[in-house]
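# Observations on the model geometry
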Amino acid sequence: MEENFGPDFITVTDEDGNDFELELVDTLEHQGVTYYAMFPAVEEDEASGQPKDVDADDEEYGLVIMKAIEENGEELLSTLDSDEELDTVYELFMERFFQDEDEES
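Residues numbered from 1 in each chain as written. Predicted model: local features only at pLDDT ≥ 70, side-chain atom pairs only at ≥ 80, totals over all residues. Heavy atoms only, no water.

For the protein, the count of helices and strands is one helix and five strands. Reading the helices (α) and strands (β) of the protein from amino to carboxyl end gives β-β-β-β-β-α. Burial statistics for the protein: of 105 residues in total, 19% are counted as buried. When contacts within the protein are restricted to residue pairs at least 6 apart in sequence, those whose partners lie at least 24 apart make up 39%. On the protein, roughly 8500 Å² of surface is accessible, and the fraction owed to carbon and sulfur atoms is 41%. (Helix = DSSP H or I, 4+ residues; strand = E, 2+ residues; numbered from the N terminus. Buried < 20%, exposed > 50% of the residue type's maximum accessible area, 1.4 Å probe, protein only. Contact = heavy atoms within 4.5 Å. Areas by Shrake-Rupley, 256 points an atom, 1.4 Å probe, with all protein chains shown as cover.)

Turning next to the pattern of salt bridges. Evaluated as defined, the whole model comprises three salt bridges. The partner of Arg96 in a salt bridge is Asp26, with the nearest N and O atoms 3.0 Å apart. On the criterion of sequence distance, the pair formed by Arg96 in helix 1 (residues 83–104) and Asp26 in strand 2 (residues 19–30) is long-range, its members being 70 residues apart. Accessibility expressed as a relative area gives 33% for Arg96, which makes it partly exposed. Its salt-bridge partner being Asp81, residue Lys67 comes within 2.7 Å of it at the nearest N-O pair. Here Lys67, found in strand 4 (residues 64–71), pairs with Asp81, found in the loop between strand 5 (74–78) and helix 1; they are 14 residues apart in sequence, far enough to count as distant. Bridged by salt links that share partners, the residues Lys67, Asp81 and Glu85 form one connected network. (Salt bridge = Lys/Arg side-chain N within 4 Å of Asp/Glu carboxyl O.)

Taken together, the five strands give an open sheet; going across it, the order is 1-2-3-4-5, and neighbouring strands pair in antiparallel fashion. The open sheet is flanked by strand 1 (8–13) and strand 5, the only strands paired with a single partner. Across the sheet, the mean angle from the axis of one strand to that of its neighbour is 45°, orientation sign disregarded. Both strand 3 (residues 33–40) and strand 4 contribute to a ladder of four bridges, which runs antiparallel. Each bridged residue has a counterpart across the sheet, and for Tyr35 the counterpart in strand 4 is Lys67. (Pairing = 2+ DSSP bridges. Axes fitted to C-alpha atoms, helices over the stretch in contact; angles between N-to-C directions.)

What follows concerns the packing of aromatic side chains. What the rule picks out here adds up to one aromatic pair. Pairing Phe93 with Phe97 gives two aromatic rings, centres 6.0 Å apart and planes at 25°, and the pair type is stacked. With Phe93 and Phe97 both in helix 1 and four residues apart, this pair spans about one turn of that helix. Like Phe97, Phe93 is buried. (Phe/Tyr/Trp six-rings, centres within 6.5 Å; stacked < 30°, edge-to-face > 60°.)

Another aspect to go through is the nonpolar core. By size, the foremost hydrophobic cluster in this structure holds nine residues: Leu28, Tyr35, Ala37, Ile65, Leu80, Val89, Phe93, Met94 and Phe97. Elements that contribute at least two residues to this core include exactly strand 3 and helix 1. Here this core takes four residues from helix 1, the largest share from any one element. In contact with Val89, other than residues within four places in its own chain, are Tyr35, Ile65 and Leu80. By size, the runner-up hydrophobic cluster in this structure holds six residues, among which are Tyr36, Met38, Met66 and Ala68. (Core = buried A, V, L, I, M, F, W, Y, C linked by side-chain atoms within 4.5 Å.)

In short, shape yes, function no, at least from these values alone.
Set out below in structure tokens:
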């Protein structure tokens, strides 16, 4: 039996009703909260089937961190409450990413 593994994509809707597709990179739990690290999904060029060129400096391309919250019995993704929370969780993700790279070397 062959299993195909590929990226996980999540579609989120902002407060203006705009949908964004994000690629899930990693999750972690910190102080009882689940956090998600994601990058904006890269669109493929229709002609070549290859990913379109992405400017890594584009503010819409960077790492997106969201957390799971429960509202009306439903799990939703939400932005973080403070810069301090964002900094803490960002550092935790970076430690995990670099730890994984070190283990692969």
